[in-house]
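Given next are the chains, with one letter for each unit.
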Amino acid sequence: MAHQQQLMDKKKLCCPICLDLLKDPVTIPCGHSYCMNCIKKHWDEEGQKETHSCPQCRQIFTSRPALVKNTILADLLEELEKTGLQAAPADHCFAGSGDVACDFCTGRKLKAVKSCLQCLVSYCELHLQPHYESPAFEKHKLIKPSQKLRENTCPHHGKEMKIFCRSDQQCICIVCSLNEHQNHDTVLASVERGERQKEVAKSRRKIQQRIQERGKDLKVIQQKVEAIDLCADKAVKNSEKIITQLFRLIKTMSTDVKQHIRLQQKNQVSRAKALQENLQKEISELKWKEAELEELTHTEDHTKFLHIYSSLACLSQSTRTPCIDVHPPLYFDGVVTAVSEVRDKLQGVLSDVKIKISSNVTEVTVLRQQGEPTTRAEFLQHSQQLTLDTNTANLHLVLTEGNRKATVTNEKQSYTSHPDRFTDMFQVLSRESLSGQHYWEVERGSSEVSVAVTYKDIRKSGYESGFGNDDRSWALECFSSGFAFRHNGTHTSVSGPQSSRIGVYLDHDAGTLSFYSVSDTMTLLHRVQTTFNQPLHQGLGVFGSGGRSAAEVCLLEKVSQRLTVPHDN
């Protein structure tokens, strides 16, 4: 408390102009005291004015007052100097870079604490005191220190710009309103500010609402990222498990092939060795016989010769010579050929798997940048040419027009057998899988058809193979009398104008599926909001007898024609 009182005493002994302790203090007629040099310099800067004023209270003097030293203050300051009073009070803060400086300070300026909109001047705490003490400043408006006070002043007339011209959308002064903007729509700037303030409030509410929406989007994205990571980790784990099983099968096959070859090798070698032993035995016997016969040729006794020859006659009967292949052995070429065939088939299977993986693992769109299109031209920007897959077509459907048109026929087609083929329903799927944003149109003429999207693994036989009869397909059924939407066996009537063409818009990531009646305008028939957890395929079903019932996937081009899409109620 004593310290604060000491600081207040120091302030009272400071010159309001230089803010240092008074030097050669003088007191002017209004009672305020200054350094003699400071007040002289101040009045000198006012030039040759007929009147002079007090820098603090702004009191006007008709003639320049004579300056007389205030001896009482001088003695007091001298006594204080002896007690160690220092200049520049400790709580005075000088203006630095980025600060608003006091316009009244000379030399090193203090930081301004307020700016006056009437004076267009910024004041430090000391120089601001007259605005609080003098009734002359009662109507002056003080604001936070600002370096842009001059922006509120008309550059042509030097007046404060208190008026807003609505015609020119700019702030003007009173002189401008009477001259250049005389017949314009003008109001007080404060009035315009009030109206704009309401707009600012509305904008803030919209921004806050958008922040909340974006916050929800961020949360959805985070959940989606976590789901993607979880699914990817699960897919990697399952794939590695399956591939490990495949490696085990190959390793088992390798072991079996080796064992088979070694067993065959053992059998063949055993047979060869047995044959070798027989041949060696026969050779030994023949050599013995040959030696006996040679000795016999040297016998001179005829009786002995004949006796011995008759005993050797049985040895002259030769055993059957075995058939020995003199070519390189080809015992195991069949095994190598079989293994090569397995390798080639496995390579083909792996190539097909790689293609399927590439077509099914698509780029994930985390956040849609735009909503559903509103014109046909915008829809066509998402068009993709689809073709029908003969491997899925019912045997009573003929595919023509480059596999875009399906027609019911009474004669069965000679399609090859395939597990993806519909057997009970006159239906067919697109060859292309769908993920992301897609638009296509189906021309049905007067035929009754089912336009659908479905997962590839929909059942291919029985009641549940019909589009919309299970939870894996969504179908719009188009009859001559109206429309119906079918999903998971539930039938919902749909109203809308009849047309020969149906448009389908799919936003896979947003879970949006919309059906439109397309003519001169596009009319929304039905919209589905759900979650798709795997790629979809276009489904096309045709009702009726052969030859007359058909539906065709249209060829679309990106056009600039604008067809308005009415919003649903």
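Predicted model, so just to flag it, every value in this text is computed and none were measured.

Some thoughts on the pairing of strand 17 (residues 483–487)
The element strand 17 is largely enclosed, with a buried count of 4 among its 5 residues. Note that strand 16 (residues 473–478) and strand 17 share 5 bridges and pair antiparallel. Counterpart to Glu477 in the pairing with strand 17 is Ala484. In this structure, the hairpin formed by strand 16 and strand 17 is closed by a connection of 4 residues. Pairing of strand 17 with strand 18 (residues 490–494), which is carried by 5 bridges, proceeds in the antiparallel orientation. By the bridge assignment for strand 18, Ala484 is matched with Ser493.

Quick look at the confidence of the model for the protein
In this model, the protein carries an average pLDDT of 83, and 87% of its residues clear a pLDDT of 70 or more. Across residues 86–91, confidence stays below pLDDT 50; counting only partners more than four residues off in sequence or on other chains, it has 6 contacts. Taken together, the stretch residues 362–369 has pLDDT below 50 and engages in 11 contacts with residues farther than four places along the chain or on a different chain.

Overview of a negative patch on the surface
The grouping of Asp75, Glu78, Glu79 and Glu81 at the surface amounts to a negative patch. The residue Asp75 is located in helix 3 (residues 71–82) in this model. With relative accessibility at 46%, the residue Asp75 sits in the partly exposed group.

Quick notes on the environment of Asp470
Locating Asp470 in the fold gives a position in the loop between strand 15 (449–455) and strand 16. When sequence neighbours within four positions are dropped, the list of residues in contact with Asp470 reads Ile458, Glu464, His487, Asn488 and Gly489.

Structural notes on the UniProt feature "coiled-coil region" (unreviewed entry) in the protein
Sites flagged by UniProt as "coiled-coil region" (unreviewed entry) map to residues 262–299. What you have in residues 262–299 is 95% helix and 0% strand, and the ends, taken at the C-alpha atoms, are 55 Å apart.

Rules used in this analysis
- Residues numbered from 1 in each chain as written.
- Predicted model: local features only at pLDDT ≥ 70, side-chain atom pairs only at ≥ 80, totals over all residues.
- Heavy atoms only, no water.
- Buried < 20%, exposed > 50% of the residue type's maximum accessible area, 1.4 Å probe, protein only.
- Helix = DSSP H or I, 4+ residues; strand = E, 2+ residues; numbered from the N terminus.
- Pairing = 2+ DSSP bridges.
- pLDDT = per-residue confidence, 0-100.
- Contact = heavy atoms within 4.5 Å.
- Patch = residues over 30% accessible without salt bridge, like charges linked within 9 Å, V, L, I, M, F, W, Y side chains within 5 Å.
- Areas by Shrake-Rupley, 256 points an atom, 1.4 Å probe, with all protein chains shown as cover.
- Salt bridge = Lys/Arg side-chain N within 4 Å of Asp/Glu carboxyl O.
- Lys, Arg positive; Asp, Glu negative; His and termini not counted.
- Charge placed at Lys NZ, Arg CZ, Asp CG, Glu CD.
- UniProt positions renumbered as here; feature names shortened; annotations may be inferred.

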